[in-house]
Amino acid sequence: MDVSLIGIIVASFMLLLLASGIWVGITLLTAGLFSIVLFSAAPAGSIQATVVWGQSSSWALTALPLFIWMGEILFRTRLAKDMFEGLTPWLAGFPGRLKHVNVVSCGIFAAVSGSSAATTATIGKITIPELLQRGYHPKLVIGSLAGSSTLGFLIPPSIILIVYGVAADVSISRLFIAGVIPGLMLMALFMGYLAIWSLLNPDKVPPREPSIPLRERVRRSTKLFPILLLMVAVIGSIYLGIATATEAAAVGVVGALVLAYVTGSLNLQTLRESVMGAMMTSCMVTLILAGAAFLSVAMGYTGIPRELALWVGSLGLSQFELLIALTLLFIVLGCFLDGISIVVLTAAVIMPIIDQAGVDPIWFGIFIVIVIEMSQITPPVGINLFILQSMTGKNLLYVAGAAFPFFLLLVVATVLLIVFPEIATFLPDTVRG
């Protein structure tokens, strides 16, 4: 059967399951099983058991519940309110006011976790209740978090950049350096959109809060020091080579507990609630990741990713045309696969084409990560959408609609990166020089 027809059938089947209200993780597992049984001779049961166990028992995955627990501690103690009180004096005067907190918070946390899913779950636990309680528009709250949480892929340390560096045999350190300016560019695009939207829709923005004197702003900013100290401890432990990402996550949990205790906001009840909340969120995210991993493997057995990559390579396109075609290719693959699977399944076919076209592999690594960020907020397999759906109780179409403007901003970022490649190459070339 033609692979394009297989893709349409699998996508339709998934949408049917989601529309019927079946859990997202179960939907992904069922769709993967459906794909292998109908379109492959491989032993579906054995593959599913192996992939689900391998994904669930991965040591790298232990960082996820630890970072989520750190967020739960911050959410259930006074530290979360301290963060808002520290940021409020400086962001309240911006058009859009505290909607920018999602962008700033995700940018900070992305420099700690390296995971888009962890960023979504942790920052969402803190910002969504606060912003909704203050009267901010729900779509902008959800959409800005969906878009900003993808920064976990780009701002170092990034798990997916490590995977790309290994697959493409390029310097991971240079990839990390190259991701800094594009990450800041994305933050600027997101904050710019929120400001313009707020200026065009003043009736949907809460009233401006009274002006705060500079001395009072500085005094309130001291409430940010504990959280900033925690972030510095986690980042420093990674960059100084003291700890791995998982060990750094443990440092974050211990630091959050210590800070919560010192500030007098930690007690037995909040500790119990933070553990239970982290457990439920981690189980939800892990089930989704296990389902996505199995669906990725199932797609590999159907041959869809490889056939698409080979088709693009056979077109004989110019460099610009090739990049546009690859953008469309990765967006389509993102509808079915998680980001790491896209890199792993296509690198062997794509990299020779990239080398032949004369594309800088460091630049291409940043390009592919930004395009893959789109897949995290693209149905039907946008993991960030599923996490936000579970956290907010909104249906998937509502969450996807809220995230769509930020998907378009990622498209704008991709175009800017193609037109001005120095955005990604300037910093690593300067450091190397």
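Calculation criteria
- Residues numbered from 1 in each chain as written.
- Predicted model: local features only at pLDDT ≥ 70, side-chain atom pairs only at ≥ 80, totals over all residues.
- Heavy atoms only, no water.
- Helix = DSSP H or I, 4+ residues; strand = E, 2+ residues; numbered from the N terminus.
- Buried < 20%, exposed > 50% of the residue type's maximum accessible area, 1.4 Å probe, protein only.
- Contact = heavy atoms within 4.5 Å.
- Areas by Shrake-Rupley, 256 points an atom, 1.4 Å probe, with all protein chains shown as cover.
- Axes fitted to C-alpha atoms, helices over the stretch in contact; angles between N-to-C directions.
- Parallel < 35°, antiparallel > 145°, perpendicular 65-115°, else oblique.
- Left-handed = near helix turned anticlockwise from the far one by under 90°.
- Nonpolar A, V, L, I, M, F, W, Y, C, P; charged D, E, K, R; others polar.
- Phe/Tyr/Trp six-rings, centres within 6.5 Å; stacked < 30°, edge-to-face > 60°.
- Lys NZ or Arg CZ within 6 Å of the ring centre and 35° of its normal.

**Student:** Give me the lowdown on the overall build of the protein, citing residues and values where you can.
**Tutor:** Helix and strand counts for the protein stand at 23 helices and zero strands. In the protein, buried positions account for 55% of the 433 residues. Taking all contacts inside the protein whose residues are at least 6 apart in sequence as the whole, residues at least 24 apart take part in 79%. Working note: accessible area of the protein is about 18,100 Å², and carbon and sulfur atoms make up 70% of it.

**Student:** Describe the packing of helix 12 (residues 180-200) against helix 22 (residues 396-419), with residues and values.
**Tutor:** With their axes 10 Å apart at the nearest point, helix 12 and helix 22 run at an angle of 135 degrees to one another. Classified by the interaxial angle, the pair formed by helix 12 and helix 22 is oblique. Between helix 12 and helix 22 lies a crossing whose hand is right-handed. Along the contact surface, helix 12 presents M185, L186, L189, F190, Y193 and L194, while helix 22 presents P405, F406, L409, L410, A413 and L416.

**Student:** How would you sum up helix 10 (residues 159-168)? Please name residues and give values.
**Tutor:** Among all positions of helix 10, only I160, L161, V163, Y164, G165 and A168 are buried. The first or second residue beyond helix 10 is D169, which carries a positive phi of 60 degrees.

**Student:** How would you explain the packing of helix 10 against helix 20 (residues 361-375) if you had to name every residue and give the values?
**Tutor:** Packing of helix 10 against helix 20 leaves a shortest axis separation of 10 Å and a crossing angle of 135 degrees. Relative to helix 20, helix 10 is oriented oblique. For the element pair helix 10 and helix 20, the recorded crossing hand is right-handed. Residues I160, L161 and Y164 of helix 10 touch helix 20, and the partners they reach there are P361, F364, G365, I366, I368, V369 and I372. Taken together, the residues of the contact of helix 10 with helix 20 sort by class into nine nonpolar, one polar and no charged.

**Student:** So what about the packing of aromatic side chains? Which residues, and what values?
**Tutor:** Evaluated as defined, the whole model comprises eight aromatic pairs. Ring geometry for Y164 and F364: centres 6.4 Å apart, planes at 50 degrees, overall tilted. Placement of the pair is Y164 in helix 10 and F364 in helix 20, with a sequence separation of 200 residues. On the basis of relative accessible area, Y164 is assigned to the buried category, the value being 1%. If you follow K139 out to its NZ or CZ, it ends over the ring of Y398, 5.3 Å from the centre. The ring of Y398 has K394 sitting right over it, with the charged end atom 4.9 Å from the ring centre.

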